[in-house]
Structure formats: C-alpha cells, structure tokens
Amino acid sequence: GTLALGSADNTAVTIDAIAFSIDAAGGASNITLASNGNGDDLTIGVTGNTNSSLVLSSTGTGSDAVQLTASNGGMNIASSSAMVLDCNADITIDANGGQVYFKDNGTTYLTFNVDGSTDSIQATGNLSLDVTGDIYLDADGGDIYFKDNGTNRLYYNLGSTNTMYSNGSFLLDVTGDITLDADGGDVWIKDNTQNHFHFDCNSTRMTMYDDSDLNDYFRMQVTSNGATTLSTNDNNWGLPEFDDIKI
C-alpha cells in the first residue's frame, strides 16, 4: 500500500529520532521540493562538530552513477580543508563559457581560455613548467610563437626548412662554447635575406659577399696540408678573379 504524510491542512512533517532510515527496494525513487518562491531551499546536512560525514554513494554502473545537476543556476562547492578528486578513469571539465579559472582565496591565478581556435593559459604572476622528463611542443600548424604582453618576440616556423624569427635584437650569451653543426655542410650569415658570409664546410672555404650579387666576393680556402688560397672577384668592374695569393 501507500503511506501519505501531509495534506492541505498538515503542511509540515517532522521526524525526530536518534537514527532513522528511508529504504526502498526496486523502483525509481525521489525526494523533491516543489519551490514556489525564493528561499525555498532543500537542505540535507550533518550538524555537530564531530568526525561525521555526509555520504552520497552509488553502486550504479552507468556513466552517470552519481549526478549533481543545476539546470537553471550555478553550483557552489566549498570546503574548509583539502578536497580530493580521485578517479580511476578520466576527469573532464566542460566549460561552455570558454573559461576555466583556478583561484587561491578568491584571487584568480590561472585562467584556461578555451574557444576551439586559439586556446590559451593566462597566469597572474610567474608560471613554471617543472617536469621530471622531457617537454614537447607539438604544433601541427607548424608555427610556435613566444610573446611579450601580446607582441611576438620569437617565432619558430617548423617545416622542411626550420626557421626562427626574432622581433628586435637577439643575443646568445653562454658560459661555454657555441657550436654550429650543419650536416648539409653550409652555414650562411645574412642581412635581411642578403648573403654576406658563406662557410662551406665540405670545401673548407669561407666566402664574404659585398652585396646581393654572389659574383662579388672575397674568398679564403684551406686545402690539404694547411695550404691557404685567397681570391677575390668584382663582377661590376669586370676584373678577373685572382687566386694566386697563397699562404
């Protein structure tokens, strides 16, 4: 049968006991408050300053075995001490608003901006990536940008010819040595794409160019037993190449 508590005249039911249980076997069940005004809260709580817990548990096997849903408003979960999320599978954070905020005592320190086109992480203060292994930057678009306050400072273009661009001066300051290791055998030094120095490692030869005309140059080549040949050519003046200066 059915046990009904409450009527139009009996609008409150109080259960006051040392312990009580509400048990059902089979069939969908619910505890529902039909609110008709602001402040009609449904409170389920454990009172008393003791080592007691409010336990919400489920042995269901579905992906929604436990549901906490706010269909028309927000959700506020507050803890006065540590909070642990321990999951045997994945944890998904789905923010339709496009931002996920990480705060400390009400102050935002990390913001994840997620819009599907240009996702970003913003930090209030310094941000350190400290890993016990390697760090990989994998850009399928082929470009990696390093910015300062929104301005591009370093730009890496990844492809068959990997290129690094610098907006402004670029300084390499090391406490040891600097090694340029070109398996292709050529090292070029340019100014605004114009060739000025060419180191040909296969031929042990250095060529210095005056301008964009590769026929105007000064060249030094070292051959076997340290023999050194100096040569020069000026294409505009029509002078021949002199290669008979040997050291």
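Residues numbered from 1 in each chain as written. Predicted model: local features only at pLDDT ≥ 70, side-chain atom pairs only at ≥ 80, totals over all residues. Heavy atoms only, no water.

Colleague: Looking at this structure, I do not really get the overall build of the chain. What am I missing?
Modeller: Looking only at helices and strands, the chain features zero helices and 12 strands. Seen in sequence order, the chain has helices and strands lined up from the N terminus as β-β-β-β-β-β-β-β-β-β-β-β. Computed over its C-alpha atoms, the radius of gyration of the chain comes to 37 Å, more than 25% above the 18 Å expected for a compact globule of 247 residues. Taken along its principal axes, the extent of the C-alpha atoms in the chain is 120 × 35 × 35 Å. (Helix = DSSP H or I, 4+ residues; strand = E, 2+ residues; numbered from the N terminus. Rg over C-alpha atoms; globule rule 2.2 N^0.38 Å.)

Colleague: What exactly am I supposed to notice about the sheet that holds strand β3 (residues 120–123) here?
Modeller: The pairing of strands in a sheet happens through backbone hydrogen bonds and is either parallel or antiparallel. Read across the open sheet, the three strands follow the order β1-β2-β3; overall the sheet is antiparallel. Single-partner strands in this sheet number two, and they are β1 (99–104) and β3. Going across the sheet, the axis of each strand differs from the next one's by a mean of 15 degrees, ignoring polarity. Across four bridges, the pairing between strand β2 (residues 107–113) and β3 is antiparallel. Counted as the bridge partner of Phe112 is Ile121 from β3. (Pairing = 2+ DSSP bridges. Axes fitted to C-alpha atoms, helices over the stretch in contact; angles between N-to-C directions.)

Colleague: How do you make sense of unusual backbone geometry when you look at a structure like this?
Modeller: Residues other than glycine predominantly adopt negative phi, and peptide bonds predominantly adopt the trans conformation. With a phi angle near 55 degrees, Asn149 is a residue other than glycine that sits in the positive phi range. In this structure, Asn149 sits in the loop between β4 (143–148) and β5 (151–157).

Colleague: Any chance you could explain the packing of aromatic side chains here in plain terms?
Modeller: For any two aromatic rings, the description comes down to two numbers: the centre-to-centre distance and the angle of the planes. Scanning the entire structure with this criterion turns up six aromatic pairs. Where Tyr145 meets Tyr155, the ring centres are 4.8 Å apart and the plane angle is 5 degrees; that geometry is what we call stacked. Taken together, the residues Tyr145 in strand β4 and Tyr155 in strand β5 connect sequence positions 10 residues apart. Accessibility expressed as a relative area gives 43% for Tyr145, which makes it partly exposed. Under the relative-accessibility criterion, Tyr155 is labelled partly exposed at 22%. (Phe/Tyr/Trp six-rings, centres within 6.5 Å; stacked < 30°, edge-to-face > 60°. Buried < 20%, exposed > 50% of the residue type's maximum accessible area, 1.4 Å probe, protein only.)

Colleague: For this particular structure, what's the right way to read the confidence of the model for the chain?
Modeller: Detail in the predicted coordinates should be disregarded across regions flagged by low pLDDT. In this model, the chain carries an average pLDDT of 86, and 93% of its residues clear a pLDDT of 70 or more. Here strand β12 (residues 242–246) is the element of the chain with the lowest mean pLDDT, 53, and β2 is the one with the highest, 93. (pLDDT = per-residue confidence, 0-100.)

Colleague: What is the right way to read the sheet that holds strand β6 (residues 163–166) from this model?
Modeller: Judged by pairing direction, the sheet is antiparallel, and its three strands sit side by side in the order β4-β5-β6 without closing on themselves. A strand with exactly one partner marks an edge of an open sheet, and here the two such strands are β4 and β6. On average, each strand axis in the sheet is inclined to that of its neighbour by 15 degrees, with strand direction left out of account. Bridge count between β4 and β5: six bridges; the pairing is antiparallel.

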